[in-house]
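Survey of secondary and tertiary structure
For reference, the chains in residue letters:
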Amino acid sequence: IFVIDDRILVILDEVKCGNPFVADSFLHFHPDVQLKREEAGFVTSNGKEAMLYVQTFGSGGFEMEVIEGKYSPEFGVMENSPVLKLSAKVDRLSLPVVFGYVMSEYRVPLKFTMHVSKKIYELELGAAKLCVPMGEHAEYQWEKSKTKEV
């Protein structure tokens, strides 16, 4: 998980396994939040105005769907709530599968690249770039353009 300029949240999942399987990632929302599908992902709203943009990215094919989840505001009380589910088939045994979310108050131009030879993931967010070493998410390099504010 990365926080960029206190305005953008990036969640990046890396999955590698010796056997083919399906990896799922779930993003849970409050029952009052509505999810609307857009070309680049989803927009959350309170029914009147946009609150948060959720864009998805990944290194291979993955499926997105909104499913019904549960929310418990207090002990013994359950309400239905929306859950964004990403599913990726992990069948490339030698390479990791990477998928994740970018969440922000506004739409951010997004480009994800996996550089196998350099062993890094590169996520471009507008004029900024996040470089993450494969398998080493504790350290990363954040580059920000001097000409544009993200």
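Computed from a predicted structure; not experimentally measured. (Residues numbered from 1 in each chain as written. Predicted model: local features only at pLDDT ≥ 70, side-chain atom pairs only at ≥ 80, totals over all residues. Heavy atoms only, no water.)

A few points about the sheet that holds strand β5 (residues 41-45)
- One open sheet holds the six strands; their spatial order is β1-β2-β9-β6-β5-β4, and the pairing between them is antiparallel. With one partner strand each, in any of the chains shown, β1 (2-4) and β4 (34-38) form the two edges of the open sheet. On average, adjacent strands in this sheet sit at an angle of 20 degrees to one another, irrespective of strand direction.
- Where strand β6 (residues 50-58) and strand β9 (residues 97-104) come together, six bridges link them in antiparallel fashion. Note on β9: the bridge partner recorded for phenylalanine 57 is glycine 100. (Pairing = 2+ DSSP bridges. Helix = DSSP H or I, 4+ residues; strand = E, 2+ residues; numbered from the N terminus. Axes fitted to C-alpha atoms, helices over the stretch in contact; angles between N-to-C directions.)

Comments concerning the sheet that holds strand β8 (residues 77-90)
- Reading across the sheet, the three strands line up as β3-β8-β7 and stay open at both edges, with antiparallel pairing between neighbours. Looking along the sheet, the strands with just one partner apiece sit at the ends: β3 (21-28) and β7 (62-74). On average, each strand axis in the sheet is tilted by 30 degrees relative to the strand beside it, whichever way the strands run.
- In this sheet, β8 lies alongside β3 in antiparallel orientation, the contact comprising eight bridges.

As for the side chain of serine 87
- Structurally, serine 87 can be placed in strand β8.
- Among the polar contacts listed, one links the side chain of serine 87 to the side chain of aspartate 24, at a separation of 2.6 Å.
- For serine 87, the residues in contact, after removing those within four places along its chain, are Val22, Ala23, Asp24, Gly61, Phe62 and Glu63. (Polar contact = N/O pair within 3.5 Å; in protein donor to acceptor, adjacent residues only side chain to side chain. Contact = heavy atoms within 4.5 Å.)

Brief notes about the pairing of β4
- Taken together, the five bridges between β4 and β5 define a ladder with antiparallel strand orientation. Note that in β5 the partner of glutamine 34 across the bridge is serine 45.
- Between the antiparallel neighbours β4 and β5 lie two residues.

As for the pairing of strand β11 (residues 120-125)
- In this structure, strand β10 (residues 110-115) lies alongside β11, joined through six bridges in antiparallel fashion. Bridge pairing links leucine 110 to leucine 125 in β11.
- As judged from the six bridges shared by β11 and strand β12 (residues 128-133), these two strands associate in the antiparallel manner. Opposite glutamate 122, over in β12, you have cysteine 131 as the bridge partner.
- Here β11 folds back onto β12, and the loop between the two strands holds two residues, one of which, glycine 126, carries a positive phi near 65 degrees.

Some details on the environment of alanine 50
- Looking at where alanine 50 falls in the secondary structure, it is placed in strand β6.
- Note on alanine 50: relative accessible area 43%, which makes it partly exposed.
- Alanine 50 sits 15 residues away from leucine 35 along the chain, and the two C-alpha atoms are 9.8 Å apart.
- Other than its neighbours up to four places away in sequence, alanine 50 contacts Val43, Thr44 and Ser45. (Buried < 20%, exposed > 50% of the residue type's maximum accessible area, 1.4 Å probe, protein only.)

A short note on the environment of lysine 16
- Mapped onto the fold, lysine 16 is located in the loop between β2 (8-15) and β3.
- Along the backbone, lysine 16 and valine 97 are 81 residues apart, and their C-alpha atoms lie at a distance of 6.4 Å.

Quick look at the pattern of salt bridges
- As enumerated under the stated definition, the model contains one salt bridge in all.
- Here glutamate 65 makes a salt bridge to lysine 85, at a shortest N to O gap of 3.9 Å. With glutamate 65 in strand β7 and lysine 85 in strand β8, this pair connects stretches of sequence that are 20 residues apart.
- Glutamate 65 sits in the partly exposed class, given a relative accessible area of 39%.
- With relative accessibility at 18%, the residue lysine 85 sits in the buried group. (Salt bridge = Lys/Arg side-chain N within 4 Å of Asp/Glu carboxyl O.)

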